[in-house]
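Each chain, written out:
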Amino acid sequence: MTVSKVAGYNIGCRHCGSLSGDEDIITANCKNIAETELKSGETLVIKKINPPLESYADNVTCWDVVRDDLLVGVFEPWLFTPYYIGEIQGDVVGSMACFTPVENPEVGLVEFVNTEENHRRKGVSTALLRQLISHFEVDGGLALYLCTTNPVAGRMYENCGFSYLVGDGMRYLTREAGDFDAGYLAKTGAASVRQAHWGDLPGVSALFCHREPAWEIKEYLSHCFKDTRFEGHFMRLMRRIEEDRGVIQILENDCKRVVGCVIVERLPTFHQQHVAHLSIRVAPDYGRHSCELLDAAVDCAHQIGISILQSYVAECDADAKDVLAAASFTEEAVLRGRLRTTDGFTDLAVYSRILSEVPPQHSQHKYYGERQPWQTERIHELGKAMPRYTEHK
Ligand SMILES: CC(C)(COP(=O)(O)OP(=O)(O)OC[C@H]1O[C@@H](n2cnc3c(N)ncnc32)[C@H](O)[C@@H]1OP(=O)(O)O)[C@@H](O)C(=O)NCCC(=O)NCCS
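Here the residue numbering is sequential within each chain, running from 1 through the sequence in written order. It should be noted that, the model being predicted, local features are given only for residues of pLDDT at least 70 and side-chain atom pairs only at 80 or more, the latter also being counted only at that level, while totals for whole chains, interfaces and linings use all residues.

1. Here's the deal with the overall build of the chain
The secondary structure listing takes helices from DSSP runs of H or I that are at least 4 residues long and strands from runs of E that are at least 2 residues long, numbered from the N terminus. A count of helical and extended segments in the chain gives ten helices and 20 strands. Its C-alpha atoms put the chain at 75 × 55 × 40 Å along the principal axes. Looking at the chain residue by residue over its 393 residues, the buried ones come to 41%. Taking as baseline every contact in the chain between residues at least 6 positions apart, the subset at least 24 positions apart corresponds to 61%. Burial in this document is a count-based property: other C-beta atoms within 10 Å of a residue's C-beta are tallied, and the residue is buried at 20 or more, exposed at 12 or fewer, or partly exposed in between, with C-beta positions derived from the backbone. Whether two residues are in contact depends on their C-beta atoms, placed from the backbone: they are in contact if these lie within 7 Å.

What follows is the structure, given as structure tokens:
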């Protein structure tokens, strides 16, 4: 087998993961990319596998809400989702995934890091992560994000060059990243609004993990506050808004960076389906596009039967209120002391925008607990109306 040693990286192909002829191609989507000797003296073979993962699917972890789609490659048109897998004598002993947008390799997420218990402390995860980072860098990557609550993992990530960032999140900046925090979301040129797709996962994470704007509420729907990192949240939100349950609109600049995002999710009952929560985040340099972004999201929301949009803003975040007010949202209520901040409790303002009334998008029986059409028919057949709850008392 001809493979590169883990310490010496060759130029690789972003699409297939091959390392300039040194790779050992097993199948079109599975390649041996390196092998290295572990502290135990055993040889670790490192594979890079793009979905469909086929038999390897049983050896890796993934977010439950997207697992079935992600592991068979449904997201591949928008998102590269290779898994780096370590094997000793053909047995999988460790794995991790790297997610980068197809259209922009600059930001990525490292997820699902795991070493089998009886192979820990041999250097397996370190070897896999170093390969992952090397491929990310070669592809033009700037910043890799991950999170952990495990101090052992934290030490391993530190050893590989990650630093603590926000909440339980960490970040790795490549040599090309420069002053990433000052430059990545800085104004470059034109920006335009489009619908979100699965490839926005890393870009939206970079936007929400940035320290600016320093609002107390970053993304209310996924419970993301000032000091909370944002990561798999996007996958879960995308799933939640499918089937006309909401809208996600992206503001993208001319470098294909996500510089703004609006998320709308309708309330989950027949009686309140016309009402939706909305959250917005825009990089300060693109603040003047906020109105355009909000208007686009509001239009899309109206088209799916939402006529009232409401947003929660911390009373102290004056510029967040300005953004909403500029797009015709008005302060409708102030809820006292609803938010704990580092300076004590603050009030929560509810900003709303009321649109023209639209017919219900989903009929009543589509909702949990509501009467089904067959039940209505059956009751008619029986020839009498069922007593209402109030008559029953
Ligand atoms: C965290 C985890 C992935 C580490 O995998 P691993 O293959 O054992 O890691 P490595 O052997 O490459 O260890 C790298 C470094 O991590 C640290 N480390 C690993 N195991 C450690 C332990 N038991 N105690 C203290 N530090 C430890 C050390 O700094 C180590 O470097 P060193 O051996 O040179 O001192 C593994 O313990 C694991 O799968 N844990 C459960 C799942 C998990 O928490 N995953 C991370 C999710 S974010």
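2. A few points about the domain arrangement of the chain
How big an interface is tends to be expressed through the accessible area that disappears when the partners come together. Each domain's extent is set by a domain assignment, obtained either automatically or from a database. The domains assigned to the chain are domain 1 (4-178) and domain 2 (189-366). In this structure, domain 1 and domain 2 have C-alpha centres spaced 32 Å apart. Of the residues lining the interface, 23 residues belong to domain 1; the matching set on domain 2 comes to 19 residues. Mapped by element, the contributors of at least two residues to the side of domain 1 that touches domain 2 are strand 7 (91-101), strand 8 (107-115) and strand 9 (143-147). Residue classes in the side of domain 1 that touches domain 2 are distributed as 16 nonpolar, five polar and two charged. Under the convention adopted here, Pro, Cys and the residues Ala, Val, Leu, Ile, Met, Phe, Trp and Tyr are nonpolar, Asp, Glu, Lys and Arg are charged, and Gly plus all remaining residues are polar.

3. Quick notes on the sheet that holds strand 12 (residues 191-195)
The strands making up a sheet are joined through hydrogen bonds of the backbone, oriented either antiparallel or parallel. Across the sheet, seven strands lie side by side as 12-15-16-17-18-20-19; this open sheet has mixed pairing. Edge positions in the sheet fall to strand 12 and strand 19 (330-341), since each has one partner strand and no second. Direction aside, the axes of adjacent strands within the sheet are offset by 25 degrees on average. Strand pairing is defined by DSSP finding a minimum of two bridges between the two strands. Bridge count for strand 19 against strand 20 (residues 344-354) is eight bridges, and the pairing is antiparallel. Across the sheet, the residue bridging to L335 is L348, located in strand 20. To obtain each axis, a line is fitted to C-alpha atoms, and for helices this fit is confined to the stretch in contact; angles are then taken between N-to-C directions over 0 to 180 degrees. Where helix 7 (residues 290-303) meets the sheet, its contacts fall on strand 12, strand 15 (246-253), strand 16 (258-266), strand 17 (275-282), strand 18 (308-314) and strand 20, and the angle it forms with strand 15 comes to roughly 150 degrees.

4. Let's talk about helix 7
Helices are assigned an expected span. That span is 1.5 Å times one less than the residue count. Look at helix 7: 20 Å from first C-alpha to last across 14 residues, which is about the 20 Å you get at 1.5 Å a residue. Taken residue by residue, helix 7 has S290, L293, L294, A297, V298 and A301 as its buried positions. In a view along the axis of helix 7, the buried residues occupy a sector of 130 degrees, so they form one face of it. The exposed set on the far side of helix 7, more than 90 degrees from its buried face, consists of D299 and Q303. This arc is taken over the directions from the axis of the helix to the C-beta atoms.

5. Considering the site of the ligand
Note on definitions: a residue is near a molecule or strand provided its C-beta atom, placed from the backbone, lies within 6 Å of it. Every one of the 18 residues lining the ligand counts as a neighbour, but T115, R120, S125, T126 and M156 are closest to it. Of all the secondary structure elements, the ones that give two or more residues to the shell around the ligand are strand 8, helix 2 (124-138) and helix 3 (151-159). For the shell around the ligand, the class distribution of residues is five nonpolar, nine polar and four charged.

6. What to know about the pairing of strand 20
Both strand 18 and strand 20 contribute to a ladder of seven bridges, which runs antiparallel. Bridging across to strand 20, S311 finds its partner in Y351. The turn joining strand 19 and strand 20, which pair antiparallel and follow one another in sequence, is formed by two residues.

7. Things to note about the pairing of strand 2 (residues 24-27)
The sheet contact formed by strand 2 and strand 3 (residues 30-37) spans three bridges and is antiparallel. Along strand 3, the bridge assignment pairs T27 with C30.

8. Considerations on the environment of I88
Along the chain, the position of I88 falls in strand 6 (residues 83-88). On a C-alpha basis, the gap between I88 and E35 in space is 9.9 Å, while along the polypeptide they are 53 residues apart. The contact partners of I88, leaving out residues within four places of it in the chain, are E42, T43, L44, V93 and H119.

9. A short note on the environment of F345
Following the sequence through the fold, F345 ends up in strand 20. Setting aside its immediate chain neighbours within four residues, F345 contacts G337, L339 and R340.

10. So, unusual backbone geometry
Across the junction of P51 and P52, the peptide omega takes the value 5 degrees, indicating a cis bond. For P52, the position within the fold is in the loop between strand 4 (43-49) and helix 1 (67-72). Phi is positive for D244, which is not a glycine, with a value near 60 degrees. Structurally, the position occupied by D244 is in the loop between helix 6 (233-241) and strand 15. Of note, K256 is a non-glycine position whose phi angle comes to about 65 degrees, a positive value. As for its position among the elements, K256 is in the loop between strand 15 and strand 16. Residue classification places K256 among the partly exposed residues on the basis of 13 C-beta atoms within 10 Å.

11. Some thoughts on the environment of N118
Assignment of secondary structure puts N118 in the loop between strand 8 and helix 2. Between the C-alpha atom of N118 and that of V93, which follows or precedes it by 25 residues, the distance is 8.5 Å.

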